[in-house]
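Geometric and topological summary
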Amino acid sequence: MSQSPDPISMLTGPGGPFEVVTEKVRGIPTRVYKNRMKSLRQVLEGSKGHGDKVFIVQGERRISFTEHFSLVSSAAQTLRHQVGVRTGDRIAILSANNPEWSVAFWTAQALGAVAVPLNAWWKAKELEYALTNSATSVLVCDLRRLAVVEPILARLDSLRAIYVIGASEESLEHARSLARPQQRVASFSELVSEEEASLPDVSVEEDDYAAIFYTSGTTGKPKGSIATQRNVIANLQNLMLIGLLNRMLDARVGEKSGSAGQDGQMVNLLVVPFFHVTGCFAVLVVYFATGNRIVLMEPGKFDPLAALELIERERVTSFGGVPTVVQRVVDHPKFSEFDTSSVTQIAFGGSPPPAELATKIREKFPNVALRGGAGQAYGLTETSSVATINVGEDYLRRPNSAGKAVPTVEIKIVDAEGNELAPGQRGEIWLKGPIVSPGYWNDPDATAASYTDGWLHTGDIGYLDEDGFLYVVDRAKDMIIRGGENIYSIEVEDVIYSHPAVSECAVVGVPDPDWGEVVKAFVVPKDGASVTPEEIKRYCAERLADYKVPQQVEVRTEPLPRNPAGKVLKPALRGSNTSFSIDADSDSAL
């Protein structure tokens, strides 16, 4: 009796809608989709077909695809004819999440320009570095960030125009008094005042640059990771394939496919910034291309209660972020007061989740558990978002795994000399595929140090099991070496997270005269709970080898410091002096 082919083979095999072939990309044989779009401009042009469906919701604002396309067309005409923006020019975006952010990003794609999403929590020093390094021509910012960049405007030689979201005439006049004479300072409404509804006639090629994302700078000056049109389109098609695969699997077990919410759309509650690749490439681009809806939280620190209110009001079908965000929602004391039955998908990434989170999701979101819609992904800025994904039954069986590589991505685990290791052996994770950045903007040394024949050196430690599932153990620089013994902080963190009184924790290595390094844990109790350092040590001692038990425990009442991607800033916890600022409230929707 012949066995029917598995769905992934049907989709990616010869003649399949997502057929994968090998072609040379920058001279390197690479797995790519045979049938593919060539640029984000094509995605933008296709958005007209979504018509009057709602695309972005924020508060009382509802922006349709038709309105969005009109705004992008107007802005593109303004920048083309009044500012002289041409293919390859850089357009920086410095703002909280709002519809204008999306308009600015897609305007760059309409012109064949390069979007430069900037960290909205940065101070003037960081911003001056990125704007100068990228030689940005146009800056779109909100009023709050205008105040931050005003002192540096006169030093930005390449900057020709600044458009301000929410500006008053008084704020514009003040900025003009500080800007260089040749710098145009105007409101965002002036940017979109052109009545022309068509896009400028521009040709965009597959390997043209689409964006430059500056890394978070937790260890020094940020590096500008380049994303090409090919990179972003490959990520889009990877995620579209995964979505189709999940619907096929739903159909096999008799579930309704699509998880559609209002007007037949998927509805995503976005709780991460657009300036992060997750918010931009995994949500903004994907939902825009597929005609679905994004709900933005109001700017400010992430509020799980506000998230629950929006889930109920907007009939949200999917949300996620870093594991901490999901954990804060499921642990909220008022969770049961809200109708969250519309949620069928929860995804997270950015840091390994506590193993118990899968169980909590199954308890609190039965429709997610029923459909197998929970999962996590692994990727980096340099991979344009998702490199591996673990969803459905695979996630429930292996909640600690980052999953398998998406179809166009290859993974290998290497030792310090770059030799490939066998399954089960721990080493550095290397990734290759059309989603992998060609390198860092204006930084050939960093590019050479991080890429080998198309393989990205992630700096993460992990291993593959016999079935090809990836397990991310730690950041290479976060591995603790105590008296010659390697300690992976995630292992200790998992134990501490399982303590019923713990809301957040992070484990780092701190210098010790006898052992070289010892383990230190930072712990934040849940609301209304308390825990002592001695209690945490005893709890760990019952579950870990002695050398892994934290020698030092610091209990904090404030949330741990995180970058805008939601990752804990371990250098800050160690007391390191970094050249770039951090913000303890940056686990927010901005």
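Owing to the predicted nature of the structure, the values given are computational and were not obtained by experimental measurement.

Sheet architecture is open: nine strands sit in the order S4-S3-S13-S12-S14-S15-S16-S17-S18, paired in mixed fashion. For this open sheet the edge positions go to strand S4 (61-64) and strand S18 (404-405), each flanked by a neighbour on one side alone. Relative to strand S13 (residues 293-296), strand S3 (residues 54-58) runs parallel, the two being bridged by three bridges. Looking at S13, one finds that Ile56 is bridged to Ile294. In the packing of helix H12 (residues 323-330) onto the sheet, contacts are made with strand S14 (318-321) and strand S15 (345-348), and the angle to S14 comes to roughly 125°.

A word on empty space enclosed by the protein. Counting across every chain of the model gives three cavities of 30 Å³ or more. A volume near 60 Å³ is recorded for the second largest cavity. Mapped onto the lining of the second largest cavity, the elements with two or more residues apiece are strand S2 (28-33) and helix H9 (229-252). A class-by-class count of the residues in the lining of the second largest cavity yields five nonpolar, one polar and three charged.

Once that is clear, we can look at the pairing of strand S8 (residues 161-165). With five of five residues buried, S8 is to be regarded as a mostly interior element. Residues Ala161, Tyr163 and Ile165 line one face of S8 and the alternating positions Ile162 and Val164 line the opposite face, and both faces are buried. At this point the chain moves from strand S7 (residues 138-142), through helix H6 (residues 143-149), to the parallel S8, and the crossover so formed is right-handed. Two elements, S8 and strand S9 (residues 184-187), share four bridges in a ladder whose sense is parallel. Bridge pairing in S9 places Tyr163 opposite Ala186.

Their axes nearest at 10 Å, the elements H12 and helix H13 (residues 356-364) cross at an angle of 40°. Classed by the angle they form, the pair H12 and H13 counts as oblique. As for the relative orientation of H12 and H13, their crossing is left-handed in sense. Only Glu356, Leu357, Lys360, Ile361 and Lys364 of H13 make contact with H12, whose side of the interface consists of Pro323, Val326, Gln327 and Val330. Residue composition of the contact of H12 with H13, by class: five nonpolar, one polar and three charged.

A few words now on the pattern of salt bridges. Scanning the entire structure with this criterion turns up 26 salt bridges. A salt bridge links Glu314 to Arg313; its shortest N-O distance comes to 3.0 Å. Here the salt bridges share partners, and the residues they tie into one network are Glu23, Arg36, Lys38, Glu206, Asp207 and Arg230.

Among the structural elements, Ser450 can be located in helix H16 (residues 444-450). For Ser450, a relative accessible area of 11% translates into the label buried. Once residues lying within four places of it in the same chain are set aside, the contact partners of Ser450 are Lys223, Tyr440, Trp455, Leu456 and His457.

Moving on, we come to the packing of aromatic side chains. Scanning the entire structure with this criterion turns up 14 aromatic pairs. Judged by centre distance (5.1 Å) and plane angle (55°), the ring pair of Phe55 and Phe288 falls under tilted. Of this pair, Phe55 sits in strand S3 while Phe288 sits in helix H10 (residues 277-289), and the two are 233 residues apart along the sequence. Here Phe55 and Phe288 have matching classes, each one buried. Taking the centre distance of 6.1 Å and the plane angle of 15° together, the rings of Trp101 and Phe105 count as stacked. Note that Trp101 and Phe105 are positioned in helix H4 (residues 99-111) at a spacing of four residues, about one turn of the helix. By relative accessible area, which is 0% here, Trp101 ends up buried. By way of ring pairs, the aromatic residues Phe55, Phe65, Trp101, Phe105, Trp106, Phe274 and Phe288 are connected into one cluster. In this structure, Lys223 packs its charged tip against the face of Tyr440, placed 4.6 Å from the ring centre. A cation over a ring is seen here: Lys412 above Trp455, with NZ or CZ 4.6 Å from the ring centre.

Before going further, it helps to spend a moment on helix H5 (residues 124-134). Within H5, burial applies to Glu126, Leu127, Ala130, Leu131, Asn133 and Ser134. Buried residues in H5, looked at end-on, bunch into an arc of 165°, giving them a common side. Those residues of H5 that are buried lie in contact with strand S5 (90-94), strand S6 (114-117), S7, H6 and strand S10 (209-214). Ala135 occupies a position one or two residues after H5 and carries a positive phi of about 50°.

Next up on the list: unusual backbone geometry. Despite not being glycine, Arg315 shows a phi value in the positive range, around 50°. With respect to the helices, strands and loops of the structure, Arg315 is situated in the loop between helix H11 (304-314) and S14. Accessibility expressed as a relative area gives 27% for Arg315, which makes it partly exposed. Of note in this structure, Ser385 is not a glycine but carries a positive phi near 120°. Mapped onto the secondary structure, Ser385 falls in the loop between strand S16 (374-378) and strand S17 (388-391).

Further remarks concern H4. Compared with the 18 Å implied by 1.5 Å per residue over 13 residues, the 19 Å span of H4 between its first and last C-alpha is a close match. Among the 13 residues that make up H4, 13 are buried, leaving the element largely enclosed by the rest of the structure. Of the residues flanking the end of H4, it is Gly112, one or two places downstream, whose phi is positive at about 70°.

Another point: the pairing of strand S23 (residues 470-475). For S23, the tally of buried residues reaches five of six residues, placing the bulk of the element in the interior. Across five bridges, the pairing between strand S22 (residues 455-464) and S23 is antiparallel. Counterpart to Tyr463 in the pairing with S23 is Tyr471. Hairpin connection between S22 and S23: a loop of five residues separates the two successive antiparallel strands, and Gly468 in this loop has a positive phi of roughly 85°.

Take the nonpolar core next. The biggest cluster of nonpolar side chains holds 116 residues, and the ones touching the most others in it are Phe105, Trp106, Leu269 and Phe281. The element best represented in this core is H10, accounting for ten residues. Not counting chain neighbours up to four residues away, the residues in contact with Leu269 comprise Val295, Met297, Ala307, Leu310, Ile311, Val316, Ser318, Phe319 and Gly320. The next biggest cluster of nonpolar side chains, apart from the first, holds 27 residues, and it includes Leu118, Leu131, Leu156 and Val164.

Rules behind the numbers
- Residues numbered from 1 in each chain as written.
- Predicted model: local features only at pLDDT ≥ 70, side-chain atom pairs only at ≥ 80, totals over all residues.
- Heavy atoms only, no water.
- Pairing = 2+ DSSP bridges.
- Helix = DSSP H or I, 4+ residues; strand = E, 2+ residues; numbered from the N terminus.
- Contact = heavy atoms within 4.5 Å.
- Axes fitted to C-alpha atoms, helices over the stretch in contact; angles between N-to-C directions.
- 1 Å grid on protein atoms, 1.4 Å probe; cavity = no way out; pocket = protein on both sides within 12 Å on 5 of 7 lines; lining within 4 Å.
- Points joined across faces, edges and corners; volume = space filled by probe spheres on them.
- Nonpolar A, V, L, I, M, F, W, Y, C, P; charged D, E, K, R; others polar.
- Buried < 20%, exposed > 50% of the residue type's maximum accessible area, 1.4 Å probe, protein only.
- Right-handed = clockwise from strand over helix to strand, strands pointing away.
- Parallel < 35°, antiparallel > 145°, perpendicular 65-115°, else oblique.
- Left-handed = near helix turned anticlockwise from the far one by under 90°.
- Salt bridge = Lys/Arg side-chain N within 4 Å of Asp/Glu carboxyl O.
- Phe/Tyr/Trp six-rings, centres within 6.5 Å; stacked < 30°, edge-to-face > 60°.
- Lys NZ or Arg CZ within 6 Å of the ring centre and 35° of its normal.
- Arc of directions from axis to C-beta.
- Expected span 1.5 Å × (residues − 1).
- Core = buried A, V, L, I, M, F, W, Y, C linked by side-chain atoms within 4.5 Å.

In short, the description is geometric, and any link to function would need to be established separately.
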